[in-house]
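If you want the building blocks of each chain, they are given just below.
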Amino acid sequence: MSIQIFGLPVSRGVAIGRAVLVASGRVDVPHHFIDPNRVDEEFARLTDARDTVAIEFDTLKRDLPSDVPAELAALLDVHQMLLQDEALIGAAGDWIRERHYNAEWALSAQLEVLARQFDEMEDPYLRERKADLEQVVERLLRVLSRAAGLPAMQPHSRDFGGDEPLVLVASDISPADMLTFKRSVFTGFVTDVGGKTSHTAIVARSMDIPAVVGARQASGLIRQDDCIIIDGDAGLVIVDPSPIVLEEYRFRQRQSELERSRLARLRHTPAVTLDGERIELLANIEMPEDAPVALEAGSAGVGLFRSEFLFMGRGSNLPDEEEQYDAYRRAIEGMNGMPVTIRTVDIGADKPLEGMTPSELRHESVLNPALGLRAIRWSLSEPSMFRRQLRALFRAAAHGPVKILIPMLGSAHEIRQTLEQVALVQRQLSESGKPIGKVQLGAMIEVPAAALTLPVFLKHFDFLSIGTNDLIQYTLAIDRADEAVAHLYDPWHPAVLNLVHQTIQQANAAGRGVSVCGEMAGDPAFTELLLAMGLRSFSMHPTQVAAVKQRVLRADTRRLAGAVDIVLASDEPEKAWAEAQAAGNAAAASATRMASAA
C-alpha cells in the first residue's frame, strides 16, 4: 500500500529509487561500499565471522553446568540454527555481491528484512524469535568489529550499488557520513531529523540531489529495498507509489534534467548585471577533490573551503601539518590561479569530532552544542592544533592566492587572541626558512555580537564573509538542526535582513571586501535582494552557481536598490519585496512599450 511521509524540502528535484536504510534503531554499524575486487574477500569476512560465532556457541554449550535448565541448551541450538540459515548469511552475502556493501552493513540490512518478516508472523512464539535473531546478528557484528583492519574503500564511482537507482534513508546522517557518500550511487536522501540548514541538507544541496529532512518516522516506516519517490520541492516522500504516480514523477525528472541542461550553458558567461556591475560568484567546497567541480561550474574561485571535513570521521587521528599542507596545496593548485578562501576548522554543534571527551564537543554532553566549545573557541582552546593548521595554510599560500577565514569570532578579546597566534606562526615559519605566501585574513560574521560591533572587525581584518546559516540561528535563537523548530527558521526575518544589510554597507564604506557564504547566497530567491543591498560577492555550492548567475544576468542593481529601505522597514519583508519586484517589473515593461511606440 502506498503511503506518504512529509518533511522539510531542502534540495530541489525528484529522486526515484530503492530505499537503502543505513541507520537502524537496533544496531549501529559502519556503512561503506567496497571495491568490486574485494567482494569475495568481504564475503569471506562474513563467513569467517559466522564460523567464529559457531565455535563460540559450541564452546558455550559444551561448558554448560549440569544443573542449568534444559531450555538454555535449546536456546543455544536455536541461535546456532539461525546462524546457519541461508536467509541470514546467504542473503547478507547477496547484499555484498549485488550492492557492494561492507559485511557489517549487509548484515544490518538483512536484519531489517528478516525482522519485518518476524513482526508479521501470527504465531506469538515465532514473533518472539526476532530477539534471538537480533542477538545472533549482534554477536556477528562484535566478531567483525574485532577482526576489522582492512581499509574501507570510499565510493568514487557509480560502479557500486547494483543497477537500480538507490536513495538513502536514515534517522540522521553525520557530516562525516555525508562526505563518505558524497560521490556514491545515491540519488536522494531522507532523514528523520534535521533542518533546512543542517549539514545533511547543505551537503545534499552540494551534491545537487533531492533531499527531505525532518521526516520524523521515515526510517521506521520505510522498509529495506522499498520503491520510493523523493519530492525535494514539496518535502514529500512517497513509499510504494502507484504506476500512475510513478510515471508522473518520471516526467518531472525529465523536465528537471532539461532545465539543468539549459542552465549549464551559462557556465562560461561572465556574471554581469544589466547595468554593468560585475558580480563574483564563488564556490563552497569540502575537500581538495571538489576543486575541479568548482571550475566546471564556472565559479571565479573558492569562497569557502570547509577545512573541518579534513578532521572528521578520523577518531583521535587528526591530520598533522604535512597532511593539511598537502590538502590545501592540492585545492589551491586545482583552482588554476583563482583565489581560494580556506576557513579554519569549524568543529562543534552539528559537526562533532569522534572520540572527544565529554568536556569537549560530543553532542550528548551539552544541552546545546551550538552554544558550546566550537569553531574559533575550540581552536583557541587547542593552540598547538590551531598553530599546526595556520602553518599549513601559510605554507600552502606559496602555491597560489589564499585567504584565511576565521569562524565565529564574537569579541575584541577573541580577535586579539587569534591575531597573536597568527603572528606567532608567521615568526616561526620565517625563522625556519620555509617558503610561505602572502595571505589576506578575514572574519566570518555569524554571531549577532559581531554584526553589531563591525568597526572592531573592520579595523583588524582584510575582508568579511557573512555566514547566514549561523547568523539566522543565533539571531532568532533557533537550533537549525532541530526539526521541531525548523518552521521558525526564517531568513526573511527583519532582524536578520537588517544585520546582513548593515554588514554589507559598513564593509563597502570601509573599502573592505564582503561576501555571503551561507545558504542565502545560493538561493535565487535572495539574489536580487542581496544585489540591491550592495553585495557583489556570493559564495555557494558549485551546483547553485548557474541558477544564481541567471538571476544576476537579468538584474538591474540601480532599479533594485530603490526598494531596499521599504523592505527593511516592513514587518513582512518577503511580501514587501515581492510587491516591489512586481511594481518594478510593471514599470520596466511600460517603459519598454513606450520606447517601442516612439
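Since the structure is predicted, the reported quantities are computational estimates derived from the model, not experimental observations.

Trainee: Is there a simple way to explain the overall build of the protein in this structure?
Mentor: Across its full length, the protein holds 23 helices and 16 strands. For the protein, the proportion of its 598 residues judged to be buried stands at 53%. Here the protein has roughly 26000 Å² of accessible surface; of this, 52% comes from carbon and sulfur atoms.

Trainee: Can you help me understand the sheet that holds strand β5 (residues 186-191) in this one?
Mentor: Note: strands within a sheet are paired through backbone hydrogen bonds, in either parallel or antiparallel orientation. An order of β1-β8-β7-β3-β4-β5-β6-β2 is seen for the 8 strands of this open sheet, with the pairing classed as mixed. What marks the edges here is a single partner per strand, and that holds for β1 (3-6) and β2 (8-11). For this sheet the average axis-to-axis angle between neighbouring strands, irrespective of direction, equals 30 degrees.

Trainee: How do you make sense of the nonpolar core when you look at a structure like this?
Mentor: Across soluble globular proteins, nonpolar side chains have a tendency to be buried as a group. If you look at the biggest cluster of nonpolar residues, it comprises 96 residues, and the most contacted ones within it are Phe457, Leu464, Met533 and Phe538. Broken down by element, this core gets its largest block of residues, 7 residues, from helix α13 (residues 383-396). Setting aside its immediate chain neighbours within four residues, Leu464 contacts Ala443, Ile445, Leu454, Phe457, Leu458, Thr503, Ala507, Gly513, Val514 and Ser515. One finds Leu46, Tyr101, Phe189 and Ala201 within the second-largest nonpolar core, a separate group that totals 51 residues.

Trainee: Before we go on, may I ask you to explain the pattern of salt bridges in this structure?
Mentor: Between side chains of opposite charge, a pair can form when the charged atoms approach closely. Under the definition given, this model contains 31 salt bridges. Arg262 is paired through a salt bridge with Glu259; the nearest N and O atoms lie 2.8 Å apart. Of the two residues, Arg262 and Glu259 both sit in helix α9 (residues 243-264), 3 residues apart, roughly one turn of that helix. Of the residues examined, Arg262 reaches a relative accessible area of 44% and is grouped as partly exposed. When its relative accessible area of 32% is taken as the criterion, Glu259 is described as partly exposed. Among the charged side chains, a salt-bridge network with shared partners connects Arg38, Glu41, Glu42, Arg45 and Glu104.

Trainee: What exactly am I supposed to notice about the packing of helix α3 (residues 89-99) against helix α4 (residues 103-119) here?
Mentor: Each pair of packed helices can be described by the angle between their axes along with the distance between the axes. Orientation of α3 relative to α4, taken along the N-to-C sense of each, is 125 degrees, at an axis distance of 8 Å. Of the possible angle classes, the one that applies to α3 and α4 is oblique. For the pair α3 and α4, the crossing hand works out as right-handed. Residue-level inspection shows Ile89, Ala91, Ala92, Trp95 and Ile96 of α3 in contact with α4, the latter providing Ala103, Ala106, Leu107, Ala109, Gln110 and Val113. Its residues assigned to classes, the contact of α3 with α4 comprises 10 nonpolar, 1 polar and no charged.

Trainee: Just checking my understanding: could you explain helix α1 (residues 39-62) for this structure?
Mentor: Note on helix geometry: an α-helix contains 3.6 residues per turn, so any two residues three or four positions apart are oriented the same way. Helix length check: α1, at 24 residues, gives a terminal C-alpha distance of 35 Å against a target of 34 Å (1.5 Å per residue), a fit within 8%. Among the residues of α1, those classed as buried are Val39, Glu42, Arg45, Leu46, Thr47, Ala49, Arg50, Val53, Ala54 and Phe57.

Trainee: Explanation requested: the packing of α1 against α3 in the structure shown.
Mentor: Two elements in contact, α1 and α3, have axes whose closest approach is 9 Å; the angle formed by their N-to-C orientations is 160 degrees. Here α3 runs roughly antiparallel to α1, going by the angle between their axes. α3 is crossed by α1, and the crossing has right-handed handedness. Contacts between α1 and α3 involve Val39, Glu42, Phe43, Leu46 and Arg50 on the former and, on the latter, Ile89, Ala92, Gly93, Ile96 and Arg97.

Trainee: In this structure, what is going on with the packing of aromatic side chains? I would like to understand it.
Mentor: Summed over all chains, the structure comprises 9 aromatic pairs. Residues Tyr101 and Trp105 carry aromatic rings whose centres are separated by 3.9 Å and whose planes lie at 0 degrees to one another, so their mutual orientation is stacked. Given a relative accessible area of 0%, Trp105 falls into the buried group. Note on Phe457 and Phe461: the rings are 6.3 Å apart at their centroids and 25 degrees apart in plane angle, and the pair reads as stacked. For the pair formed by Phe457 and Phe461, the shared burial category is buried. Connected via pairs of aromatic rings, a cluster forms that spans Phe33, Trp95, Tyr101, Trp105, Phe186 and Phe189. In this structure, Arg97 is placed above the aromatic ring of Phe43, and the distance from its NZ or CZ to the ring centre is 4.8 Å. Between the NZ or CZ atom of Lys403 and the centre of the ring of Phe463, over which it lies, the distance is 5.1 Å.

Trainee: How should the environment of Ala87 be read in this particular structure?
Mentor: With respect to the secondary-structure elements, Ala87 resides in the loop between α2 (70-84) and α3. Overall, Ala87 belongs to the partly exposed group, its relative accessible area being 32%. Placed 26 residues apart in sequence, Ala87 and Val113 show a C-alpha to C-alpha distance of 9.8 Å. Aside from chain neighbours lying at most four places away, what touches Ala87 is Gln110 and Leu114.

Trainee: Can you walk me through the pairing of strand β9 (residues 280-285) in this structure?
Mentor: A regular strand places its side chains so that they alternate between the two faces of the sheet. With 5 of 6 residues buried, β9 lies mostly within the body of the structure. Across 4 bridges, β9 lies against strand β16 (residues 537-540) in parallel orientation. Residue pairing for β16: Ala283 is matched across the bridge by Met540. With 3 bridges joining them, β9 and strand β10 (residues 302-306) adopt parallel strand pairing. The partner of Ala283 across the bridge, within β10, is Val302. Each parallel crossover has a hand, and the one from β9 via helix α10 (residues 291-296) to β10 is right-handed.

About the cut-offs
Residues numbered from 1 in each chain as written. Predicted model: local features only at pLDDT ≥ 70, side-chain atom pairs only at ≥ 80, totals over all residues. Heavy atoms only, no water. Helix = DSSP H or I, 4+ residues; strand = E, 2+ residues; numbered from the N terminus. Buried < 20%, exposed > 50% of the residue type's maximum accessible area, 1.4 Å probe, protein only. Areas by Shrake-Rupley, 256 points an atom, 1.4 Å probe, with all protein chains shown as cover. Pairing = 2+ DSSP bridges. Axes fitted to C-alpha atoms, helices over the stretch in contact; angles between N-to-C directions. Core = buried A, V, L, I, M, F, W, Y, C linked by side-chain atoms within 4.5 Å. Contact = heavy atoms within 4.5 Å. Salt bridge = Lys/Arg side-chain N within 4 Å of Asp/Glu carboxyl O. Parallel < 35°, antiparallel > 145°, perpendicular 65-115°, else oblique. Left-handed = near helix turned anticlockwise from the far one by under 90°. Nonpolar A, V, L, I, M, F, W, Y, C, P; charged D, E, K, R; others polar. Expected span 1.5 Å × (residues − 1). Phe/Tyr/Trp six-rings, centres within 6.5 Å; stacked < 30°, edge-to-face > 60°. Lys NZ or Arg CZ within 6 Å of the ring centre and 35° of its normal. Right-handed = clockwise from strand over helix to strand, strands pointing away.

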